Amino acid sequence: LPEEFLTARPIIDTIEAAGFEAYYVGGSVRDTLLGLPIHDVDIATSAYPEEVKGLFKRTVDTGIEHGTVMILDHGTGYETTTFRTESGYQDYRRPDAVQFVRSLKEDLKRRDFTINALALKTDGTVIDYFDGLRDLEQHQIRAVGNPEDRFNEDALRMMRAVRFASQLNFKIDDQTVAGIAHHGQLLTKIAVERIHVEFVKLLQGQWPAKGLNVFLDTGLYQYCPGFADQKAALVTLAEHLKTGLSNETAVWTAIATAFQLSTSQLGKLLKSWKSANQLITDSQTALTAVQAILADQVDDWLLYQTGSALIGIANEVAQVFEPAHYETSALQQQYDQLPIKTKKALQVTGQDLMQAGIKPGPDLGKSLQYLERQVVTGQVANESVTLVAAALAYLN
Ligand code: ATP
Ligand code: MG
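Rules used in this analysis
- Residues numbered from 1 in each chain as written.
- Chains lettered and ligands numbered in written order.
- Predicted model: local features only at pLDDT ≥ 70, side-chain atom pairs only at ≥ 80, totals over all residues.
- UniProt positions renumbered as here; feature names shortened; annotations may be inferred.
- Helix = DSSP H or I, 4+ residues; strand = E, 2+ residues; numbered from the N terminus.
- Rg over C-alpha atoms; globule rule 2.2 N^0.38 Å.
- Buried ≥ 20, exposed ≤ 12 C-beta atoms within 10 Å, placed from the backbone.
- Contact = placed C-beta atoms within 7 Å.
- Pairing = 2+ DSSP bridges.
- Expected span 1.5 Å × (residues − 1).
- Arc of directions from axis to C-beta.
- Near = placed C-beta within 6 Å.
- Nonpolar A, V, L, I, M, F, W, Y, C, P; charged D, E, K, R; others polar.
- Domains from an automatic or database assignment.
- Axes fitted to C-alpha atoms, helices over the stretch in contact; angles between N-to-C directions.
- Parallel < 35°, antiparallel > 145°, perpendicular 65-115°, else oblique.
- Left-handed = near helix turned anticlockwise from the far one by under 90°.

- In the nomenclature of an unreviewed UniProt entry, the protein corresponds to CCA-adding enzyme from the organism Secundilactobacillus similis DSM 23365 = JCM 2765.
- The UniProt entry for the protein carries this comment under Sequence similarities (unreviewed entry): "Belongs to the tRNA nucleotidyltransferase/poly(A) polymerase family. Bacterial CCA-adding enzyme type 3 subfamily."
- Annotation of the protein in UniProt includes, under Cofactor (unreviewed entry), the sentence "Mg(2+)".

Here it is as structure tokens:
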């Protein structure tokens, strides 16, 4: 078993010693069986939350109403969740009630896909009630139980299916695909923020076309904000994306490039996806750089405004659509040689300019902007005396 499971083992041992059951469950079991690295170890137990809390000195109620308690052990937190069933789902996204149960099988039954419904014992035994091992071997994503019902219960699962296809290079089983095709519209019941998380993971997965093709063929894309009229652009993107994009800024910059959006259209799209302001401004900056790269119009001023991190992202996105116009290393080198990287590095302040007789107000702001551009583009040396003289000459 991987290191992460071994360090979590004392937790399971303690729960078992008290007469309860406890297993490793979820993505870490799936990824271990696939030989992939794992992130978070999830533990499922027959002990009720209060019983779990009674067994350990330090716990945090991270999701007590769903049965999740975090156990703190030597600086690491382990999430344990009591076996539960869910019922209701009147809003297509959240169970009306969760019911704690003592049966592992009941808990595994409420999980989304068979490959996510495996449990692992500390001795390495895998418990597999729904043929998850067969599906892992056959590289397929299949809903636990009837896909139609499962997507009706929770529509986010449709996005999770396409996201796992992209991350794992798995096919989605036919009935599960049919369920997505029938229930796509239910996605509109789901909070956009949660769809956003899955969509970004989809485009970051190593085999994005695998997920994108089902996302497109089933019509699921139509129920994502701003996508309904963009089928052709999404198909083109799926054809061009040979592997995952490196972060969420790259994802949205690639979308904007595929959709041929202006920066302000991208801003609107990202707002409709309830994006953070930082993501919006970064994606807009990267988009401007992609447009310059594809038009072979990169210059020092563009690199300065883009900044080192976004230059890499922009060139990554540009190369999705067209063979390299520029090597990223060449762009980075050109950036590194800029006389200044930020406005702060300018060897003159507003104060200095006022002392030289420039009046506060529009003239002052305009001259500072002028100097910044002149220095970045190598036309004026970054020395205070030269800068003051250049400002005065500019205003004359
Ligand atoms: P990742 O590697 O992205 O974390 P994961 O499979 O661990 O993948 P999580 O969102 O961390 O995904 O969820 C942990 C487990 O909880 C899943 O493996 C699955 O068993 C269950 N699960 C998560 N979301 C749902 C859902 N919407 N419906 C049913 N079961 C779910
Ligand atoms: Mg997980």
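Some points on the overall build of the protein
Alright, step 1. The number of helices and strands found in the protein is 20 helices and eleven strands.
Alright, step 2. Relative to its length of 396 residues, the protein is extended, with a C-alpha radius of gyration of 27 Å against a globular reference of 21 Å.
Alright, step 3. Counting only C-alpha atoms, the protein reaches 85 × 50 × 35 Å along its principal axes.
Alright, step 4. Taking all 396 residues of the protein together, 40% fall into the buried category.
Alright, step 5. Within the protein, counting contacts between residues at least 6 apart in sequence, those at least 24 apart form 63% of the total.

Section: the sheet that holds strand β4 (residues 68–73)
Alright, step 1. One open sheet holds the seven strands; their spatial order is β3-β4-β5-β2-β1-β8-β9, and the pairing between them is mixed. Two strands in the sheet have a free side with no partner beyond their single neighbour: β3 (59–63) and β9 (126–127).
Alright, step 2. As defined by bridge partners, strand β8 (residues 119–120) adjoins β9 across two bridges and the pair is classed as antiparallel. Bridged to Ala-119 within β9 is Ile-127.

Let's talk about helix α20 (residues 384–395)
Alright, step 1. In a regular helix each residue adds 1.5 Å, so twelve residues correspond to 16 Å; α20 covers 17 Å between its end C-alpha atoms and thus fits that length.
Alright, step 2. Considered for burial, the residues of α20 that qualify are Leu-387, Val-388, Ala-390 and Ala-391. Viewed along the axis of α20, the buried residues span an arc of 160°, placing them on a single side of the element. Exposed positions of α20 whose direction lies more than 90 degrees from the buried face are Val-385 and Ala-393.
Alright, step 3. Considering only its buried residues, α20 is in contact with α18 (350–355) and α19 (362–376).

Regarding the site of ligand 1
Alright, step 1. For ligand 1, the full set of nearby residues is Gly-26, Gly-27, His-39, Asp-42, Arg-111, Asp-112, Asn-116, Ala-117, Asp-154, Leu-156 and Arg-157.
Alright, step 2. Classifying every residue of the shell around ligand 1 by side-chain character gives two nonpolar, four polar and five charged.
Alright, step 3. Two domains each provide a minimum of three residues to the shell around ligand 1, namely domain 1 (1–132) and domain 2 (139–244).

Let's talk about helix α14 (residues 277–294)
Alright, step 1. For α14, with 18 residues, the first-to-last C-alpha span of 26 Å sits near the 26 Å given by 1.5 Å per residue.
Alright, step 2. Burial in α14 covers these residues: Ile-280, Asp-282, Ser-283, Gln-284, Thr-285, Ala-286, Leu-287, Ala-289, Val-290, Ala-292 and Ile-293.
Alright, step 3. Downstream of α14 by one or two residues, Asp-296 has phi in the positive range, about 55°.

Topic: the UniProt feature "binding site: ATP" (unreviewed entry) in the protein
Alright, step 1. Under the feature "binding site: ATP" (unreviewed entry), the UniProt entry names Gly-27, Arg-30, Arg-111, Asp-154, Arg-157, Arg-160 and Arg-163.
Alright, step 2. By secondary structure assignment, the location of Arg-30 is in helix α2 (residues 27–33).
Alright, step 3. Arg-30 sits in the buried class, given 23 other C-beta atoms within 10 Å.
Alright, step 4. Discounting chain neighbours no more than four positions away, the residues touching Arg-30 are Ile-115, Asn-116 and Leu-118.
Alright, step 5. Within the element layout of this structure, Arg-157 appears in helix α7 (residues 156–168).
Alright, step 6. Residues within four places of Arg-157 in sequence aside, it is in contact with Asp-112, Arg-150 and Phe-151.

Digging into the environment of Val-385
Alright, step 1. Structurally, Val-385 is set in helix α20.
Alright, step 2. Looking at Val-385, the number of C-beta atoms within 10 Å reads 12, which means it is exposed.
Alright, step 3. As a C-alpha pair, Val-385 and Leu-261 span 124 residues in sequence and 44 Å in three-dimensional space.

What about the domain arrangement of the protein?
How big an interface is tends to be expressed through the accessible area that disappears when the partners come together.
Alright, step 1. According to the domain assignment, the protein contains domain 1 (1–132), domain 2 (139–244), domain 3 (246–338) and domain 4 (343–395).
Alright, step 2. On the side of domain 2, 18 residues touch domain 1, which itself brings twelve residues to the contact.
Alright, step 3. Here the residues of the side of domain 1 that touches domain 2 are counted per class, giving six nonpolar, one polar and five charged.

Let's talk about the packing of helix α12 (residues 248–259) against α14
Alright, step 1. Across the interface, α12 lies against α14 with an axial gap of 9 Å and an inter-helix angle of 55°. Our classification of the angle between α12 and α14 gives oblique. Helix-helix and strand crossings are classified by hand; for α12 and α14 the assignment is right-handed. Judged by residue contacts, Glu-248, Thr-249, Trp-252, Thr-253, Ala-256 and Thr-257 of α12 engage Leu-279, Asp-282, Ser-283, Ala-286, Leu-287 and Val-290 from α14.
Alright, step 2. Among the residues forming the contact of α12 with α14, the class breakdown is six nonpolar, four polar and two charged.

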